[in-house]
Amino acid sequence: MNLKQWLTPDWAVPSRLQFLWQRFRQRLWVQPALWCLAAIAALGLSISADGWLPAHVLPALDEGVVNDLLHIMASGMLAVSTFALSILVGAFASAASAGTPRATQLVVADPSAQKAIATFLASFVFAIVGIIGLGTGLMGASARFVLFLCALWVLAWVIYALLRWIETLTRIGRMGHTITTVERATRQALLDMARNPLYGARDARQPDFQDLLRQAPGSQHPLHLTWSGHLQFVDIDRLERLCQAHDLHLLIEARTGDFIHPGQVVGQLWAREPLQGLPQALALLARVREAFVIGRDRTVQHDPAFGLSILAEIAQRALSPAVNDPGTAVAVLSSQTRVLIESLTHTPEPSDTPCRRVFRHPVELGPLVSLAFDPVARAGAGDVDVQRHLMRTLGALAACCTPPIAEAAAAQARRSLRRAVDARMPTEDFVTVEAAFQSAFQSASQKPAA
């Protein structure tokens, strides 16, 4: 057994806990709160030093040195924390106004900004708690010395965080930072989907699916949810355990990101016994419904199509007459192409715990191209620079990706050419765009066979 296998546990964290943890850690207050608790724990370590660290082996330390250092840190970090938070508020407003309000959620979850805020607040809390500890008289010589060492370490940590914060200030709130943040989240969601297209469920396209359903006893029941909102997550592990325990089979028809309402059928359930009217059946259906996480808004985590839509919205706003920034639209096109090429070339990974009773259809890849590029093609139909770059990026998709993506890219390029004609693009510009189309897709058709 190598080191990596030894460090990797043989148990897996439930997918629902992973989903909830990812949502929880993206909140702005979580990381500062955890680091503030760590700062309080450092004070507890300092107070306990009187019991295990002999004072006679330590150099003499004046109590006023520690007190003065903590007062300086407390006053300075309060001002720095307030300034950093005001910068973040401005960055969030800039991301919403210059980009799109849907990007604000991802900008808030930027780890660099969260680390800086956590550092400043934690150092402020450490200094305040340290002053209180010194003022109570609970600290002896050993405790004061350990507190002094902790204060020096926190001071060095703050200096490093300030240097990183200066670098963060040069990009946070800028359009490029917003695009990069959305691109990073979308790439991760697409990678997860490419490696596990069914998110743990069984492929409903398998030939034995209909045979299995014919052999399954009982009748078919449509599954409805009792609340409205966007489907954010489906706990496949929970559904599989319920289906195995109660001899059920489930076909999930709703997709992550869909708007769900009580009248919509989200799945088909096959059961041995009727599921209407019996108290036990009603309780079972309630437990099945709890596996579907519904929220007010869409999230990128298990919905990469939403990330592509956010990028398209940024480009649409940049191409509006009020902004007129085709360069941002070109940057978005490059970002979308890069994300799709880097993510959708991965092969699915086999599941360690294969699902047997929960089925779903995999996400179709072709519509992702239209979702990402068609809004930009509509908004920039008359812009030669946008259309020319659009043809190049679509040609890159056709050359690098699988047939479904390549066919969708070619169809999108032909549709964009028709939009350019409908927008009455000048003849000289249209000739340039058409030449870019011919060059891009001639190169794509000549790519070597895999």
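The structure we're discussing is the one just above.
The paragraphs below set out a description of the structure included in this document. From a predicted model like this one, the values you see are computed outputs, not experimental measurements. (Residues numbered from 1 in each chain as written. Predicted model: local features only at pLDDT ≥ 70, side-chain atom pairs only at ≥ 80, totals over all residues. Heavy atoms only, no water.)

Quick word on the overall build of the protein chain
Operational definition: For helices the rule is a DSSP run of H or I covering at least 4 residues; for strands it is a run of E covering at least 2, with both sets numbered from the N terminus onward. Only heavy atoms matter for contacts: two residues are in contact if any of them lie within 4.5 Å across the pair.
Counting its regular elements, the protein chain contains 17 helices and eight strands. Partitioning the intrachain contacts of the protein chain with sequence separation of at least 6 by distance along the chain shows that 84% fall at a separation of at least 24.

Observations concerning the pairing of strand β3 (residues 229–234)
How we decide: Working definition: with a 1.4 Å probe on protein chains only, accessible area under 20% of the residue-type maximum means buried, over 50% means exposed, and in between means partly exposed. Here the rule is simple: two strands pair whenever DSSP picks up at least two bridges between them.
Here β3 lies mainly inside the structure; six of its six residues are buried. Pairing of β3 with strand β5 (residues 259–260) involves two bridges; the strand directions are antiparallel. If you follow G229 over to β5, its bridge partner there is I260. Both β3 and strand β7 (residues 292–295) contribute to a ladder of four bridges, which runs antiparallel. From the neighbouring strand, H230 faces β7, where its bridge partner is G295.

Quick word on the nonpolar core
It is characteristic of soluble globular proteins that their nonpolar side chains tend to be buried jointly. Applied cut-off: Only buried residues count toward a nonpolar core, which is a set of Ala, Val, Leu, Ile, Met, Phe, Trp, Tyr and Cys residues joined through side-chain atoms within 4.5 Å.
Counting residues in each nonpolar core, the largest one holds 53 residues, and the members touching the most others are I310, F373, L394, L397 and F441. Sequence-distant contacts of I310, defined by excluding residues within four places in its chain, comprise T100, R102, A103, L106, V182 and V300. Of all hydrophobic cores here, the second largest spans 38 residues; its members include A39, A91, A116 and L134.

Overview of the side chain of T181
Considering the arrangement of structural elements, one finds T181 in helix α8 (residues 175–195). Apart from the residues within four sequence positions on either side, T181 is in contact with L106 and V107.

Observations concerning the side chain of R360
The line we're drawing: Positive charges are assigned to Lys and Arg, negative charges to Asp and Glu, while His and the chain termini are left out of the count. Counted as salt bridges are all cases of a side-chain nitrogen of Lys or Arg within 4 Å of a carboxyl oxygen of Asp or Glu.
Positionally, R360 belongs in strand β8 (residues 358–360). D258 provides the closest opposite charge to the buried, salt-bridge-free R360, at an N-O distance of 8.1 Å. Excluding anything up to four places from it in sequence, R360 contacts L198, Y199, A201, R202, D203, A204, V234, I236, L251, I252, A254 and T256.

Concerning the packing of helix α12 (residues 304–318) against helix α13 (residues 326–343)
Going by this rule: Axis geometry follows a simple rule: fit a line to the C-alpha atoms, using only the stretch in contact for helices, then measure angles between N-to-C directions, giving values from 0 to 180 degrees. Each angle receives one of four descriptions, namely roughly parallel if under 35 degrees, roughly antiparallel if over 145, roughly perpendicular if within 65 to 115, and oblique otherwise. Two helices that cross are described as forming a left-handed crossing if the nearer one is turned anticlockwise from the farther one by less than a right angle, and a right-handed crossing if clockwise. Ten residue types, Ala, Val, Leu, Ile, Met, Phe, Trp, Tyr, Cys and Pro, are classed as nonpolar, four, Asp, Glu, Lys and Arg, as charged, and the remainder, Gly among them, as polar.
Close contact between α12 and α13 brings their axes to 7 Å; oriented N to C, the two are set at 165°. Taken together, the axes of α12 and α13 are roughly antiparallel relative to one another. Judged by the twist between their axes, the crossing of α12 over α13 is left-handed. Contact with α12, carried on its side by L308, L311, A312, I314, A315 and A318, involves P326, T328, A329, V332, S335, Q336 and L340 of α13 and no other residues of that element. Of the residues belonging to the contact of α12 with α13, the class tally is ten nonpolar, three polar and no charged.

Some details on the pairing of strand β6 (residues 265–271)
Counted residue by residue, β6 has six buried out of seven residues, so it is predominantly covered. With five bridges joining them, strand β4 (residues 248–252) and β6 adopt antiparallel strand pairing. Residue I252 lies in a different strand from β6, and its bridge partner there is G267.

Details of the packing of aromatic side chains
Defined as follows: Pairs were defined over the aromatic rings of Phe, Tyr and Trp, the Trp ring being its six-membered one, requiring ring centres within 6.5 Å. Orientation was assigned from the angle between planes: stacked under 30 degrees, edge-to-face over 60, tilted for the rest.
Scanning the entire structure with this criterion turns up three aromatic pairs. A ring pair is formed by F120 and W165, whose centres lie 6.4 Å apart and whose planes are at 90°; its orientation type is edge-to-face. Placement of the pair is F120 in helix α6 (residues 111–135) and W165 in helix α7 (residues 141–169), with a sequence separation of 45 residues. Both residues of the pair, F120 and W165, belong to the buried class.

A look at the environment of Q316
Position of Q316 among the secondary structure elements: in helix α12. Of the residues examined, Q316 reaches a relative accessible area of 30% and is grouped as partly exposed. Considered as a pair, Q316 and V332 are 16 residues apart in the sequence and their alpha carbons are 9.8 Å apart. Beyond its immediate chain neighbours, meaning those up to four positions away, Q316 contacts P375, R378 and A379.

Looking at the sheet that holds strand β2 (residues 219–224)
Strand order in the open sheet formed by five strands is β1-β8-β4-β6-β2, with mixed pairing between adjacent strands. Single-partner strands in this sheet number two, and they are β1 (202–203) and β2. Contacts between helix α10 (residues 236–246) and the sheet are confined to β4 and β8, with β4 contributing the most and set at about 150° to the helix.

Regarding helix α16 (residues 403–422)
The line we're drawing: Given the number of residues in a helix, its expected span is that number minus one, multiplied by 1.5 Å.
Across its 20 residues, α16 extends 29 Å between first and last C-alpha, which sits within 8% of the 28 Å expected from 1.5 Å per residue. The set of residues buried in α16 consists of I405, A406, A408, A409, A410, Q412, A413, S416, L417 and A420. The positive-phi residue at the C-terminal boundary of α16 is R424, with phi of around 55°.

A word on a nonpolar patch on the surface
What counts here: Put simply, a patch holds well-exposed residues, over 30% relative accessible area, that have no salt bridge, with like charges counted together within 9 Å and Val, Leu, Ile, Met, Phe, Trp or Tyr side chains within 5 Å. The method behind every accessible area is Shrake-Rupley, applied with a 1.4 Å probe, and residues are considered shielded solely by the protein chains displayed.
There is a patch of nonpolar side chains on the surface, built from L149, L152, L155, I159, L163 and I166 and spanning about 540 Å² of accessible area. Among the secondary structure elements, L163 is positioned in helix α7. Exposure remark for L163: the relative accessible area of 56% places this residue in the exposed category.

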